[in-house]
Structure formats: C-alpha cells, structure tokens
Amino acid sequence: MRIINSNISAAAIINDETVNNTESISVFILGESKPYENLDLSNNQSLVSAVIIIGVKIKDNKSSSIISLYFQVLKKNESHNDGQYSCSFFNTNISKWDTTGCTKPQYNKTYDRYECTCNHLTTFALIWSPNLANTKYLTAQDIASIIFLSISILCFIAVIIHSCTTRLLSSVISMNARNLLPLISSASTTILFIFYIALGMTVYTQTTSEKETKCFLSSSVLMFFVYFFLIFMFCTKTSIGYFSYLRFVRLFPEPSYRKLFVLLIISFFISIICTSFAVGFNSNSSYNITQLYGNKLCWFTQDMLHYFMTIPIGIFLLLNLVTIVFVAKRILNHVRNATSPHHTYERMKQFVLVLLSSAVTQGIGWLIGPILTFVNADVGNILSWFFIVFSGLEGVWTILLYIIIRSEHMDKPKRYIDGNKRMKKFLLASVKNKK
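This structure is a prediction, so every number in the text was calculated from the model and none was measured. (Residues numbered from 1 in each chain as written. Predicted model: local features only at pLDDT ≥ 70, side-chain atom pairs only at ≥ 80, totals over all residues. Heavy atoms only, no water.)

Concerning the overall build of the protein
Where we set the bar: Helix numbers and strand numbers start at the N terminus; a helix is a DSSP run of H or I with at least 4 residues, a strand a run of E with at least 2. Only protein chains enter the accessibility calculation, which uses a 1.4 Å probe. A residue is then buried if its area is under 20% of the maximum for its type, exposed if over 50%, and partly exposed in between. We call two residues contacting when some pair of their heavy atoms lies within 4.5 Å. Each accessible area value is a Shrake-Rupley result obtained with a 1.4 Å probe; residue values ignore everything except the protein chains displayed when judging cover.
Per the secondary structure count, the protein includes 10 helices and 12 strands. Classification of the 435 residues of the protein by burial places 45% in the buried group. Sequence separation of at least 24 residues holds for 77% of the intrachain contacts in the protein that already meet a minimum separation of 6. Carbon and sulfur atoms make up 62% of the accessible area of the protein, which totals about 24,100 Å².

Set out below in structure tokens:
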C-alpha cells in the first residue's frame, strides 16, 4: 500500500482470492507502449498510459478474478479535455480495446491518476476517447428517431383528417366522435412524440458547450412535459386496453363510456402525481434528479432512471401483459367453440390485441433507456436502434386501429340491411304459406 500511495505511473493489485487460485502470475508494465499505440485507432481514440500485461495460470476457472488498476496519463493533450478516459483491455477476438468487465475510472486528484477495477486478467491500459456521442451534430440514430417519430405523428394526423373528411362528405359512412375514443391512446402518444422532438431540438440548438451537464430552464420544463405525457400515455393505453377487454371480450354487461372517462381522469391524476414528485425532487439540487446529456437531451440521471421510469413502466407493462393473456385465452376458447365465423367478434379481438401490442412495444422501447446505463457501447448502440424502431411502430398501430374501427362501423349498415332483407323474406314466406 505504501507504493500505491505515491505518484506511480502505473500499478496493479490482484485480490487474495485470485492469487490463491493461481499456479503462477507474471506482470509486465510497459512504460514505452509503442507496440500497442496503433493496434486500435477506431473512433479516434488513443492510448495515453503505460500498458499492464497480466499472465496467469488459473487452478479453478470457476473463481472470479478482481484486479485494481492505477494509471497516470503519460501523454497529455489539450484536446483530452473534450473526451473521456476508460479502463480497457485489449480484446484479441475483435482486435480492439474493450471496456467490458471494467469499471469507469475515478480520478484521484491527490496522485493525479485514474483508478478502476476489472473482473478478469489480461492486457490493460487507459484509453482516451472523444465524446462522439455528444458531438455537435446529429447522428444517424438521431435522424432516424426524428423521422420515425414524425411518421407516427403524420399517421395520426392522417387518421384525423380522413375521419373529418368522410364525415363532411358522407353522413352515411361517417363515424361519430364516440367511436374514435379508443384512438385517445394514439393521441396521447402523438403529443408525447411532439414534446419529445421539441425537447431534443431545444437542447440541440441552445446548448453552448458539450461539457454542460446542468439542464437549463426551458429544457427542464419540456422534459417534465415529456415525462407527464410518457406516464399519461401508459396510463391511457392501460385504461383503454382494460375498457376494451370489458367491452369486447367479456361482452356482458357492456361497460358504459362513463367508465372510460373515469379511467382517463384517473390516468390524468396519476400522471400529475408522478410528475409532481419528479418536479419536487428536482427543486432540490442535492438530489441530482436530472442532467444534460451532451447537447442532445435533458433527462433523468442514471441513478434516478430506475425510480422514475423502470418501476412505473414495468408496472404498466405487467398489467398489459396480464390483459393480453386473458384476451388470448378468450380468443382460443372462441375459436375452439365457435360453430360459425362471426366477423364482428373476431374484429374486436384484433382491435384489443393491436391496442395492447402498442402498449407493449412502447413499454419495451422506453425500458431500454435504463438498460443502457449498465451495458457496453456496442450493446447500447443496438438497443438504441430497437428503441427507435419500437417507437416508430406507433404509427402502424394507429392506422391498424383506425382500419379496424372503421371496418366495424361500415359493417353495421350492412348488417342492418341484411337483417331487413331476411325479415322481408320471412314475411313473404309466411304470407305464401297462409295462402
């Protein structure tokens, strides 16, 4: 420990359990690390410390290995102020520096060094990388996200325009507002997307420095609007999913629309309560509730994501999954026992499944955020694309819901006409029999 408490350029401490579980250990510290400098130049990163090479012969592979690493920056550069350091090992499988299994380095001001731990033994070094994720330009993911969200918004607008146009042009095939109530679910998501894009663009255009971590006033206001509509979206989807289950699966007694309005009011107040808690905690800066992520977004800190997102969204997902199980069971029973196809009945099942699928895809998408806090960069990049795709599916669900609602509405006049025809035939047949 006396050696560690000094201005050493590089050092490593292996825990006792690992030492006791090895037949031999060899440690090399290369102050001149030129052979490793050009091994991986991806993402404009660079090796800035000595290289520590650990060679071991393990007795039992089941035991875990913990090594503490200490690095001083040997190659300082002014540009390093706009990047980040990471404890990395050289992954021979992909020929790249990899951070898997290593903690984020903590700066020790006393000895001017970075300290971290890793759960395996191999070749280690301190790597500097520029803040690619926070650079002052939109990445492919940013552009794709804006496009997908905009398409979903346009899909909802197209549905409203089509509904209003048909109502003005033809009173026969027009639908009243009550028939479109299930689309409140899509409306809440559309409003969420609008505020989410506004939040991203506000942060992007008004952030003056990539080093800023504190949310400014307008970004904080927009962030809490986004959070309110996020919770309201899941509350609404869950409420309408439950109402649709009562209406189309249980069938009797048919629930009144008053019950739906009550569910929506409850959803509103739940959203208000959740948002009020978040705003209240954020008013005390010591809680560190929100932060600015580069010049892209103002959102909850990694420590708070689980409390304000993972838990509530997980609850809504669970409720919707339970509803889907009951709907699926009802459909299977109907298919098994039905003597003749009933298009209306089947269409309503499709309606409920589409509505709940929308809630599930949105839930999985927004749950990816907390997962990104503890996965490496490659996995995080893949999961980010999943979030973009799942969010973009909302436009598809909106169109499908509208088609199903409209098809059901169009079937009612047909069933009425067919019923009249059957009644006329019955009466004519009765008259003939009397003659």
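Quick notes on a nonpolar patch on the surface
What counts, and what does not: Each patch groups residues whose relative accessible area exceeds 30% and which form no salt bridge, using 9 Å between like charges and 5 Å between nonpolar side chains of Val, Leu, Ile, Met, Phe, Trp and Tyr. Take a side-chain nitrogen of Lys or Arg and a carboxyl oxygen of Asp or Glu: if they are within 4 Å of each other, that pair is a salt bridge.
Taken together, Ile143, Ile147, Phe148, Ile151 and Val389 make up a surface patch of nonpolar side chains, about 410 Å² in accessible area. A per-element tally of the nonpolar patch places helix α3 (residues 140–169) first, with 4 residues. Mapped onto the elements of the fold, Ile151 is located in helix α3. Residue classification places Ile151 among the partly exposed residues on the basis of a relative accessible area of 43%.

Looking at the packing of aromatic side chains
Formally: Two rings from Phe, Tyr or Trp (for Trp, the six-membered ring) form a pair when their centres are within 6.5 Å of each other. A pair whose planes differ by under 30 degrees is stacked, one over 60 is edge-to-face, and the rest are tilted.
Under the counting rule described, the total for this entry stands at 18 aromatic pairs. Geometrically, the ring pair formed by Tyr227 and Phe300 is edge-to-face, given 5.0 Å between the ring centres and 80 degrees between the ring planes. Of the two residues, Tyr227 is situated in helix α5 (residues 217–250) and Phe300 in strand β12 (residues 297–300); the sequence distance between them amounts to 73 residues. The pair formed by Tyr227 and Phe300 is uniform in burial state, with each residue classed as buried. Taking the centre distance of 6.3 Å and the plane angle of 80 degrees together, the rings of Tyr227 and Phe308 count as edge-to-face.

Thoughts on the UniProt feature "transmembrane region" (unreviewed entry) in the protein
Spelled out, the test is: UniProt positions are given in the numbering used here, feature names are shortened, and annotations may be inferred rather than shown by experiment.
When the UniProt feature table is mapped to this numbering, "transmembrane region" (unreviewed entry) covers residues 143–168, 180–204, 224–248, 260–284, 304–328, 351–376 and 382–405. For residues 260–284, helix accounts for 92% and strand for 0%, while the C-alpha atoms at its two ends are 37 Å apart. Along residues 382–405 the backbone is 96% helical and 0% strand, and the end-to-end C-alpha distance reaches 35 Å.

Side note on unusual backbone geometry
With a phi close to 50 degrees, Asp112 is a non-glycine residue in the positive phi region. Within the secondary structure, Asp112 sits in the loop between β8 (106–108) and β9 (113–118). Judged by relative accessible area, which is 30%, Asp112 ranks as partly exposed.

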